[in-house]
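Examining the three-dimensional arrangement
Letter by letter, the chains look like this.
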Amino acid sequence: MSEAKTVLDIQNLKKNYGSVEVLHDINIDMKEAEFLVLLGPSGCGKSTLLNCIAGLETINEGAIQIGGKDMTQTPPGERDIAWCSSPMRFTQPCRWVKISRSV
Ligand SMILES: Nc1ncnc2c1ncn2[C@@H]1O[C@H](COP(=O)(O)OP(=O)(O)OP(=O)(O)O)[C@@H](O)[C@H]1O
Ligand SMILES: [Mg+2]
């Protein structure tokens with residue numbers, strides 16, 4: 001049987017905001033059909049990591065491969081993935097927007 005394909009490969013990722021190192025040394029090898037959960041207290045860096053993967057934040061060190069391609073320097077619109085951080089989510093239903101358009 002062939003080995004499952006790696007869909008997300010993060011190597012030695014570091015992310016600083018100024019002098020504060022928020023992501024220290026992140027390594028992820030996520031295979032096709034795997035389900036990955038980021039769990040941790042508020043402020044530990046979950047959203048920052050997702051922003052880095054999506055290309056919404058630059059990283060200070062390391063590399064990000066998506067679908068086998070190095071995307072470390074690729075702009076967000078060319079990564080073929082997306083995520084929406086919590087401040088952009090609707091916290092209350094908008095009656096004037098259909099549900100299908102809100103998600
Ligand atoms: N744009 C930014 N500039 C400076 N510091 C930031 C910025 N964004 C996040 N941080 C800091 O980085 C750290 C990680 O924040 P992040 O939002 O990634 O945490 P989180 O795990 O997603 O938290 P929560 O569970 O509350 O969503 C926090 O200390 C936060 O204050
Ligand atoms: Mg968050």
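Here we summarise the structure given alongside this text. (Residues numbered from 1 in each chain as written. Chains lettered and ligands numbered in written order. Predicted model: local features only at pLDDT ≥ 70, side-chain atom pairs only at ≥ 80, totals over all residues.)

1. Comments concerning the overall build of the chain
Note the following rule: Strands are runs of DSSP state E lasting at least 2 residues, helices are runs of H or I lasting at least 4, and numbering of each runs from the N terminus. Between the buried cut of 20 or more and the exposed cut of 12 or fewer other C-beta atoms within 10 Å of a residue's own C-beta lies the partly exposed class, and all C-beta atoms are placed from the backbone. Here, residues touch in the contact sense if the C-beta positions derived from the backbone fall within 7 Å of one another.
When helices and strands are tallied, the chain shows two helices and four strands. Sequence-ordered secondary structure for the chain, helices as α and strands as β, is β-β-α-β-β-α. Here the chain holds 103 residues, and the buried ones make up 12% of them. Relative to all contacts within the chain whose residues are 6 or more apart in sequence, the contacts with residues 24 or more apart total 48%.

2. Thoughts on the site of ligand 1
To keep it simple, the criterion reads: Nearness here has a simple definition: the residue's C-beta atom, placed using the backbone, must lie within 6 Å of the molecule or strand. Gly falls in the polar group here, along with every residue not listed as nonpolar (Ala, Val, Leu, Ile, Met, Phe, Trp, Tyr, Cys, Pro) or charged (Asp, Glu, Lys, Arg).
The full set of residues close to ligand 1 is Y17, V22, G40, S42, G43, C44, G45, K46, S47 and T48. For the shell around ligand 1, the element with the most residues is helix α1 (residues 46–54), which contributes three residues. A class-by-class count of the residues in the shell around ligand 1 yields three nonpolar, six polar and one charged.

3. Some thoughts on the sheet that holds strand β2 (residues 20–31)
What counts here: At least two bridges found by DSSP between two strands is the condition for calling them paired.
The strand order β2-β1-β3-β4 describes an open sheet built from four strands, whose pairing is antiparallel. Each edge of the sheet is formed by a strand with only one pairing partner; in this case those strands are β2 and β4 (69–70). For strand β1 (residues 6–17) and β2, the ladder comprises eight bridges, and the chain directions are antiparallel. When the sheet's bridge partners are listed, K15 is paired in β2 with L23.

4. Here's the deal with the environment of L23
For L23, the position within the fold is in strand β2. Accessibility expressed as a C-beta count within 10 Å gives 22 for L23, which makes it buried. Taking the C-alpha atoms as reference points, L23 and G45, separated by 22 residues in sequence, lie 6.5 Å from one another. When residues no more than four places from it in sequence are discounted, the contact partners of L23 are L13, K14, K15, G45, T48 and L49.

5. Side note on the nonpolar core
Applied cut-off: The nonpolar core criterion groups buried Ala, Val, Leu, Ile, Met, Phe, Trp, Tyr and Cys residues into a set whenever they are joined through C-beta atoms within 7 Å.
Counting ten residues, the largest nonpolar core consists of I10, L13, L23, L49, C52, I53, I59, I64, I66 and M71. Mapped onto this core, the elements with two or more residues apiece are β1, α1 and β3 (61–66). The dominant element in this core, judged by the number of residues it contributes, is α1, at three residues.

6. A word on the pairing of β1
Every other side chain in a regular strand lies on the same face of the sheet, so the side chains alternate between the two faces. Counting the residues that bridge the hairpin from β1 to β2 gives two residues, and of these G18 lies at a positive phi of roughly 60°. Summarising the sheet, β1 and β3 pair through five bridges and their orientation is antiparallel. For D9, the partnering residue across the bridge sits in β3 and is Q65.

7. Concerning unusual backbone geometry
Positive phi outside glycine occurs at N12, with the angle close to 50°. Along the chain, N12 falls in strand β1.

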